[in-house]
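Inside the fold
So you can see what is in the structure, the chains are spelled out below.
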Amino acid sequence: MSLVLILLTVLVAETSATRASCYLRKHNDGRIIGTAKFYSITGRYQNVSVDLYDSGLTDGLHGFHIHEQGVTGCDCLTTGGHYNPDGVNHGGAGGAASSRHVGDFGNVESRQGRIRTKLTYIVNSNKQGRCPVSHPNVYYNGQYCCKSAREKYYKPQGDKCDGSAIQRDSLCCEGDMFLRCPSESGVCESEDREGEGVYNVSEDRFEVRGDRSVVGRAVVLHAGTDDLGLGGDEGSRKTGNAGSRWACCTLQ
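Nothing here was measured: the structure is a model prediction, and the numbers come from that model.

Scanning the protein chain for helices and strands turns up two helices and 16 strands. Within the span of the protein chain, comprising 252 residues, buried residues form 44% of the whole. Accessible area of the protein chain: about 12500 Å², with a carbon and sulfur share of 49%.

If you want it as structure tokens, here you go:
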């Protein structure tokens, strides 16, 4: 491929890219504590990033969603419910469209008041599945869970791992990550949160422009953990029982 063609490809991709972001503010306080950013190249690639610090935020997982309306003043209660144009039950960040709200992005993790996380969707991949979320740069290549296109986790060779990889359960790893083997459905599994990592999906998970645009709608960080719709009650099916609203902002 010539240099000119490569540059044109990059230029077209950047031209088609859309972005939305806002400064997260404490509920009923107004103090800026961080940012939320959404980036999309339609039909190809999307990511959501959250970066914030608040000393009062408890360690652990916190629900993170897009809500129906923008914020009035600094009152996160004015944002309505989850953005759910399809009228389906609440779910996790990586589920099919029929099993999650458009506004569902799982949990983000706070450590000593700090959240720094990134969720990525690879669109129209022929490798559907979810990668573990213990590392910010992992994806599922259809057979292995990988840190990058060049680094794979080896299959076990007898009782030992191929090469210098580290064996974890029945999967051999090149890095210090907790992983399970892919399940029978071909999806990588982990025992921790959902709302970070890389997902291979068949269609865009949100729109920055268009009839279902997220612009003008609020992102909301919750005080509690999102149960991803698995709690077995009406609150779980509607909101994930993620608790009160800690911070919010309107995407622009």
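Still more ground to cover, so stick around.
Time to look at the environment of His82. Its location among the elements puts His82 in the loop between strand E4 (60–66) and strand E5 (104–110). In this structure the C-alpha to C-alpha distance between His82 and His67, which are 15 residues apart in sequence, comes to 4.1 Å. In this structure, His82 is in contact with His65, Ile66, His67, Glu68, His90, His101, Asp104, His222, Lys238 and Thr239, ignoring residues within four places of it in sequence. Engagement of the side chain of His82 in a polar contact is seen with the side chain of His101, the distance being 3.2 Å. A distance of 3.2 Å separates a polar atom in the side chain of His82 from a polar atom in the side chain of Asp104.

Another point: the nonpolar core. Core analysis: the largest hydrophobic core is formed by 31 residues, its most contacted members being Phe38, Phe64, Phe105 and Val219. Sequence-distant contacts of Val219, that is, excluding residues within four places in its chain, are made with Cys22, Leu24, Ala36, Phe38, Phe64, His65, Ile66, Ala247, Cys248, Cys249 and Leu251. If you look at the next biggest cluster of nonpolar residues, it comprises five residues, including Val71, Cys76, Val220 and Cys248.

Once that is clear, we can look at the packing of aromatic side chains. Scanning the model with the defined rule gives four aromatic pairs in all. Seen in terms of ring centroids, Phe38 and Phe105 are 5.7 Å apart; in terms of plane orientation they differ by 75°. Their pairing is edge-to-face. Of this pair, Phe38 sits in strand E2 (residues 32–41) while Phe105 sits in strand E5, placing them 67 residues apart in sequence. Phe105 carries the same exposure label as Phe38, and that label is buried. Each ring, one from Phe38 and one from Phe206, has its centre 5.3 Å from the other, and the planes form 90°; the classification is edge-to-face. Pair noted here: Phe38 is in strand E2 and Phe206 is in the loop between strand E14 (197–201) and strand E15 (218–222), with a separation of 168 residues, a long-range link.

This next bit is on the environment of Leu24. Relative to the elements of secondary structure, Leu24 occurs in strand E1 (residues 17–26). With 222 residues separating them along the chain, Leu24 and Trp246 place their C-alpha atoms 9.6 Å apart. The contacts of Leu24, once residues within four sequence positions are left out, are Arg31, Ile32, Ile33, Gly34, Thr35, Ala36, Val50, Leu52, Val219, Ala247, Cys248 and Cys249.

It is worth spelling out unusual backbone geometry at this point. Of note in the backbone geometry, Asn28 takes a positive phi value of approximately 60° without being a glycine. Looking at Asn28, the relative accessible area reads 56%, which means it is exposed. In this structure, Gln112 takes a positive phi of about 55° despite not being glycine. Mapping Gln112 onto the fold places it in the loop between E5 and strand E6 (114–123).

As a further point, take the environment of Arg114. Assignment of secondary structure puts Arg114 in strand E6. It is 8.1 Å that separates the C-alpha atoms of Arg114 and Leu57, two residues lying 57 residues apart in sequence. What Arg114 contacts, discounting residues up to four positions off in sequence, is Asp51, Leu52, Tyr53 and Glu109. Separated by 2.7 Å, the side chains of Arg114 and Asp51 make a polar contact.

Any region with low pLDDT has predicted coordinates that should not be read closely. Per-residue confidence for the protein chain gives a mean pLDDT of 74, with 64% of residues at or over 70. Per-residue pLDDT stays below 50 along residues 1–15; that stretch engages in five contacts with residues further than four places along the chain or on separate chains. Below pLDDT 50 for its whole length, residues 126–194 participates in 132 contacts with residues either more than four positions away or in separate chains.

Moving on, we get to the pairing of E5. With six of seven residues buried, E5 is to be regarded as a mostly interior element. Alignment of E4 against E5, held across five bridges, turns out to be antiparallel. Its bridge partner lying in E5, Leu61 is registered against Glu109.

Rules used in this analysis
Residue positions are given per chain, counted from 1 along the sequence in the order it is written. The model is predicted, so local features are restricted to residues of pLDDT at least 70 and side-chain atom pairs to those at 80 or more, both for listing and for counting; the totals for chains, interfaces and linings are taken over all residues. Hydrogens and waters are ignored; side-chain quantities use all the structure's heavy atoms. The helix and strand labels rest on DSSP assignments: H or I over at least four residues marks a helix, E over at least two residues marks a strand, and numbering proceeds from the N terminus. Each residue gets one of three labels from its accessible area relative to the maximum for its type: buried under 20%, exposed over 50%, partly exposed in between, using a 1.4 Å probe on protein chains only. Accessibility throughout is a Shrake-Rupley quantity obtained with a 1.4 Å probe, and a residue counts as covered only by protein chains that appear here. Should any heavy atoms of two residues lie within 4.5 Å, those residues are counted as being in contact. Between N or O atoms, a polar contact is any pair within 3.5 Å; within protein, one atom must be a potential hydrogen donor and the other a potential acceptor, and residues adjacent in sequence are included only when both atoms are from side chains. What we call a nonpolar core is a set of buried Ala, Val, Leu, Ile, Met, Phe, Trp, Tyr and Cys residues that are connected through their side-chain atoms within 4.5 Å. The aromatic pairing rule takes the rings of Phe, Tyr and Trp, using the six-membered ring of Trp, and pairs them if the centres are within 6.5 Å, calling planes under 30 degrees apart stacked, those over 60 edge-to-face and the rest tilted. One number per residue, pLDDT, summarises how confident the predictor is, and it ranges from 0 to 100. The rule for pairing is simple: two strands pair if DSSP sees at least two bridges between them.

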